[in-house]
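# Architecture and fold: a report
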Amino acid sequence: MTTVSMTVNGKQVSADVAPNTLLVQFIRENLRLTGTHVGCDTSQCGACTVHVDGDSVKSCTMLAVQADGADVTTIEGLAQNGELHPMQAAFKENHGLQCGFCTPGMIMSAVDLVKRNPNPSEETIRTELEGNICRCTGYHNIVKSVKAASENMGG
Amino acid sequence: MYSFDYERPSGVNEAVSAVGEDDKFLAGGQTLLPTLKLRLAQADKLIDLGGIAELKGISVSGSELSIGAMTRHVDVANSADVKSAIPALSHLASHIGDAQVRNRGTIGGSIANNDPAADYPAALVGLGATVHTDKRSISAEDFFIDLFETALEEDELVTKVTFPIPEKAGYAKFPNPASRFALTGVFVAQTAQGVRVAVTGAGPCVFRQTDMEAALSSNFSAEAVSGIKTEASGLSADIHASADYRANLISVMAARAVQAAS
Ligand SMILES: Cc1cc2nc3c(=O)[nH]c(=O)nc-3n(C[C@H](O)[C@H](O)[C@H](O)COP(=O)(O)OP(=O)(O)OC[C@H]3O[C@@H](n4cnc5c(N)ncnc54)[C@H](O)[C@@H]3O)c2cc1C
Ligand code: FES
Ligand code: FES
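All of these numbers come straight from a predicted model, not from anything done at the bench.

Cut-offs applied
Residues numbered from 1 in each chain as written. Chains lettered and ligands numbered in written order. Predicted model: local features only at pLDDT ≥ 70, side-chain atom pairs only at ≥ 80, totals over all residues. Heavy atoms only, no water. Helix = DSSP H or I, 4+ residues; strand = E, 2+ residues; numbered from the N terminus. Pairing = 2+ DSSP bridges. Axes fitted to C-alpha atoms, helices over the stretch in contact; angles between N-to-C directions. Contact = heavy atoms within 4.5 Å. Parallel < 35°, antiparallel > 145°, perpendicular 65-115°, else oblique. Left-handed = near helix turned anticlockwise from the far one by under 90°. Nonpolar A, V, L, I, M, F, W, Y, C, P; charged D, E, K, R; others polar. Near = heavy atom within 4 Å. Polar contact = N/O pair within 3.5 Å; in protein donor to acceptor, adjacent residues only side chain to side chain. Areas by Shrake-Rupley, 256 points an atom, 1.4 Å probe, with all protein chains shown as cover. Phe/Tyr/Trp six-rings, centres within 6.5 Å; stacked < 30°, edge-to-face > 60°. Buried < 20%, exposed > 50% of the residue type's maximum accessible area, 1.4 Å probe, protein only. Domains from an automatic or database assignment. Buried area = accessible area lost by both parts, 1.4 Å probe. Salt bridge = Lys/Arg side-chain N within 4 Å of Asp/Glu carboxyl O. Core = buried A, V, L, I, M, F, W, Y, C linked by side-chain atoms within 4.5 Å.

## Overview of the environment of B:A178
- When you line up the elements, B:A178 lands in the loop between β11 (168–175) and β12 (182–191).
- For the pair formed by B:A178 and B:G97, sequence separation is 81 residues and the distance between their alpha carbons is 9.4 Å.

Put into C-alpha cells, the structure is as follows:
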C-alpha cells in the first residue's frame, strides 16, 4: 500500500492504495465519483478523461500514485453552485448526447480543447476530439455543442 | 494488472540503481500501462521517472536541439524552440495519437518502446540524432534494432535525444484511422551531411530509403521521389494494409514530406 494525496474538484483527499490502482479506479471506487466512465481496455475511447493539473488525460492510463500531489478535476467538478458549466449546458441544448456514456469524457476533452483553442473551427474540434469515441451520435451534434459552448465561453 | 511495487526516485543515478531484473521504468505510461492492464507484460516494480527534473526540457545550443527523455509529446509540439529549429519535429509530435496521449506520452518512452509504427523513430533516423543514456551515446541508426528491440540494456536509461538542426525537413504520415499510429510515415531531411530519408510503419523497424536519398541529393523535389518504388518484400502486411500498399505509401508520403519540408 502507498499513501496518495491529491486535490479532487477542489477537495483535499488522501487514501492508502495498492500501487496498481488506476486513477480511474481511485476516482470511482475510493471517491465514489462515478461520472468518470470506463469504456475500453485499450486506452482508446476517452470516456475516462479527467483533467490532471489542467491537462486532459485518460484516467484509465495513469496510476493513482502518479497523481500524488496533483490537482484533479472530474465531470462532477465542472458545475458551479448548481449551474451547469457552459460546455455541459451546450451539450444539453444541442442534443450532443444520446446514451450519454461517452459524454463525461467528451465534455472534459472539450473543455480542455476550448481552453487551448478559444475559437475552434469545426475541423479543429474534430481533430482535437480524436481521443474520444462515441457510438451513438455520429459526432455531428457533439461538434455543434462544442462550437456553441466556445462562443458562450467568451472565445 | 498483476500487482507490483512502485518507486519514484528524484535522480537518474537513483533510478538506475533501483531497477532490478524484472522491473520497468515508467515514463508517460501510454504504452506500458495498457500492456500491463492486458497482462501482456508484468513487472515486480515500476520505477516512475516522473519525479526526475533533469530528464525534462528542451534546449537549443548552436546547431543542436536537445530534448530530455521525459519531455511530453505536447511540449515538443508546442515548443517555440522546436518550431523554429526543426518545425517538422513539432508537426510530428502534434500528430502522435490524440490530445490525451500527447499530454502524458514522452519521447524517451516512445523510442525505448520502438513500436514499428511509432513516429519518433523516423525523426531520429531521418535527422541523424543521437540517443544519450546514463551510460553512453548511441547514434539513432544503431539504437533502433528490430521490432520492439533497441540497443538499450535492461537497466539502461535514456536521458535525452540530441538532433543536429537540418537545413530543412518534413514529415508526412498516413495514419491508421483508429490509432493514429503510422501505417507508413516518411521523414525527409536536408542536412549538412546530405539528404536523409527514414521510413516508419512500413516494416518491422524504421529504415533509410537510400534510393530516395540519392534522388533527392541531386533534385530536392517531390517529383524526384514520387516515382521511386520500394521493394515490398520484407515490408509489413496486416489487416490494415498489404506490403504492396505500404510500399506505394512510401513513395506518396515521401513526396508529401518533401513538399512540406521547411
Ligand atoms: C491511443 C493511443 C494512440 C497512440 N498513437 C500513437 C501514434 O500515433 N504515434 C506514436 O508514435 N505513438 C502513439 N502512441 C504511443 C505513445 O506515443 C506512447 O506515449 C509512447 O509510445 C510511449 O511513451 P510513454 O512515455 O508513454 O512510455 P511508457 O509507456 O511509460 O514506457 C514505454 C516503454 O519504454 C520504457 N521506458 C520509458 N522511458 C524510458 C527511458 N527514459 N529509458 C529507458 N526506458 C524507458 C518503459 O520501461 C516501457 O518499457 C499511442 C498510444 C495510445 C495509448
Ligand atoms: S476507458 Fe477507454 S480510454 Fe480510458
Ligand atoms: S452518446 Fe452514446 S456513446 Fe456517445
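Following the structure, the description resumes.
## What about the sheet that holds strand β5 (residues 64–68) of chain B?
All names here are of chain B.
- As summarised here, the arrangement of the five strands in space is β4-β5-β10-β6-β7, forming an open sheet in which the pairing is antiparallel. Sheet topology places β4 (58–61) and β7 (137–139) at the edges, where each strand pairs with a single neighbour. Strand-to-strand twist across the sheet, computed as the mean angle between neighbouring axes with direction ignored, equals 20°.
- Lying over the sheet, helix α8 (residues 120–127) contacts β6 (130–133) and β10 (158–164), oriented at roughly 50° with respect to β10.

## A few points about the packing of helix α2 (residues 86–93) of chain A against helix α3 (residues 103–116) of chain A
All names here are of chain A.
- It is at 10 Å that the axes of α2 and α3 come closest, and there the two elements cross at 125°. Judged by the angle between their axes, α2 and α3 are oblique. Remark: the crossing between α2 and α3 carries right-handed chirality. Contact residues: α2 offers M87, Q88 and F91, while α3 offers T103, M106, I107, A110, V111 and V114.
- Of the residues in the contact of α2 with α3, the class split is seven nonpolar, two polar and no charged.

## Some details on the site of ligand 1
- With respect to spatial proximity, 33 residues lie near ligand 1, and among them B:F25, B:G29, B:L32, B:T106 and B:R180 are the closest.
- Each of chains A and B places residues next to ligand 1.
- Between ligand 1 and the protein, one listed contact pairs an oxygen atom with a backbone N or O atom of B:F25 at 2.6 Å.
- Between ligand 1 and B:Q30, the relevant distance is 2.7 Å, taken from an oxygen atom to a main-chain nitrogen or oxygen of the residue.
- In isolation ligand 1 offers 980 Å² of accessible surface; the protein chains occlude 94% of this area.
- Put simply, the parts of the chain that give the shell around ligand 1 at least two residues each are β2 (24–26) and α7 (107–113) of chain B.
- The element best represented in the shell around ligand 1 is α7(B), accounting for four residues.
- Of the residues contributing to the shell around ligand 1, the split by class is 14 nonpolar, 14 polar and five charged.

## Comments concerning the packing of aromatic side chains
Residues and elements named next belong to chain B.
- Enumeration according to the criterion identifies three aromatic pairs over all chains in this entry.
- A ring pair is formed by F143 and F144, whose centres lie 5.0 Å apart and whose planes are at 90°; its orientation type is edge-to-face.
- What makes F143 buried here is its relative accessible area of 0%.
- F144 sits in the buried class, given a relative accessible area of 6%.
- Judged by centre distance (6.5 Å) and plane angle (80°), the ring pair of F174 and Y245 falls under edge-to-face. Highlighted residues: F174 in strand β11 and Y245 in helix α12 (residues 243–260), separated in sequence by 71 residues.

## Considering the domain arrangement of chain A
Residues and elements named next belong to chain A.
- By domain assignment, chain A separates into domain 1 (2–77) and domain 2 (86–152).
- Each partner contributes residues to the interface: domain 1 has 18 residues there, and domain 2 has 14 residues.
- For the domain 1 face of the interface with domain 2, the top three residues by lost area are H37, H51 and I75, together amounting to 40%.
- Seen at the junction of domain 1 and domain 2, the total is zero salt bridges.
- Here domain 1 and domain 2 share seven residue pairs in polar contact (both at pLDDT 80 or more) between them.
- Taken together, the residues of the side of domain 1 that touches domain 2 break down into five nonpolar, 11 polar and two charged.

## Overview of the nonpolar core
- Core analysis: the largest hydrophobic core is formed by 40 residues, its most contacted members being B:L89, B:I111, B:Y120, B:L124, B:F144, B:F163 and B:F187.
- Take this core: its biggest share by element is six residues, from α8(B).
- Among all residues touching B:F144, those that are not within four sequence positions of it are B:I111, B:N114, B:P121, B:L124, B:V125, B:E149, B:C205 and B:V206.
- Core analysis: the next-biggest nonpolar cluster, separate from the first, contains 33 residues, A:L23, A:F26, B:F4 and B:A41 among them.

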